[in-house]
Amino acid sequence: MPKPTKGPRLGGGPAHERLMLANLAAALYTHKSIKTTETKAKRLRPLAERLITFAKRGDLHARRRVLAVIGDKSVVHTLFAEIAPLVADREGGYTRITKVGNRKGDNAPMAVIELVLEPVNPKPKSAKKTAAKAEKPAEVVEEAPVEEAPEAAAEEAPAEETTEAPAEEKSE
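Bear in mind the structure is a predicted one, so any value in this text is a computation, not a measurement. (Residues numbered from 1 in each chain as written. Predicted model: local features only at pLDDT ≥ 70, side-chain atom pairs only at ≥ 80, totals over all residues. Heavy atoms only, no water.)

Points about the sheet that holds strand β3 (residues 109–115)
Read from one edge to the other, the open sheet built from three strands follows the order β1-β3-β2, with strand pairing classed as antiparallel. Each of the sheet's edge strands pairs with one partner strand only, and the pair in question is β1 (33–37) and β2 (95–102). Within this sheet the neighbouring strands show an average axis-to-axis angle of 25 degrees, counted without direction. Where β2 and β3 come together, seven bridges link them in antiparallel fashion. Considered in β3, the bridge of Arg-96 is made with Glu-114. (Pairing = 2+ DSSP bridges. Helix = DSSP H or I, 4+ residues; strand = E, 2+ residues; numbered from the N terminus. Axes fitted to C-alpha atoms, helices over the stretch in contact; angles between N-to-C directions.)

Remarks on unusual backbone geometry
Its identity as a non-glycine residue notwithstanding, Lys-32 has a phi of 70 degrees, on the positive side. As for its position among the elements, Lys-32 is in the loop between α1 (14–31) and β1. For Asn-107, which is not a glycine, the phi torsion comes out positive at approximately 65 degrees. The topology assignment puts Asn-107 in the loop between β2 and β3. Judged by its relative accessible area of 51%, Asn-107 is exposed. (Buried < 20%, exposed > 50% of the residue type's maximum accessible area, 1.4 Å probe, protein only.)

Structural notes on the environment of Lys-35
As for its placement among the helices and strands, Lys-35 is situated in strand β1. You can call Lys-35 exposed: its relative accessible area is 58%. Once residues within four sequence positions are removed from consideration, Lys-35 is found in contact with Val-100, Met-110, Ala-111 and Val-112. (Contact = heavy atoms within 4.5 Å.)

Here's the deal with the pattern of salt bridges
On inspection of all chains with the given rule, the structure shows eight salt bridges. The shortest N-O distance in the salt bridge between Arg-96 and Glu-114 comes to 3.1 Å. Highlighted residues: Arg-96 in strand β2 and Glu-114 in strand β3, separated in sequence by 18 residues. Here Arg-96 falls in the partly exposed class, since its relative accessible area comes to 32%. For Glu-118, the salt bridge identified is with Arg-96, shortest N-O distance 3.3 Å. (Salt bridge = Lys/Arg side-chain N within 4 Å of Asp/Glu carboxyl O.)

Taken by themselves, the reported measurements are silent on function.
What follows is the structure, encoded as structure tokens:
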């Protein structure tokens, strides 16, 4: 007996699920955005992202693995030639699922799954961390000449203390 897949079942047998997800992935790559049920969108996301990761590799073996899933050469060409270069800098999260309400006929929860093709923006927190790391070695470099000249350090130390004291009094 075949082991069932994790997650909700999409009706029919395992072969029907596999073909349905392959067709959804092909439609996603063709149209860049599709409207489907939330369950199908959630089951499609891992498959679609895995295929995009193969497309980013771009070699012949990756192309053949994607062709084994999708089967349509024009869709695979679109994936490798157009979509993969747009997400080359992105490390994951190639798709976005947005809930859009319920379907009129059977009240099924619907969602739009779309490709995230915008360029990646670096996070501002990482910029602060790199700036802080860059400042620390600069401070060490400034301290090194002070240690070499003890007379200059002794003369500068009292001057720094006098400038710091009024600042502390003002703040209190």
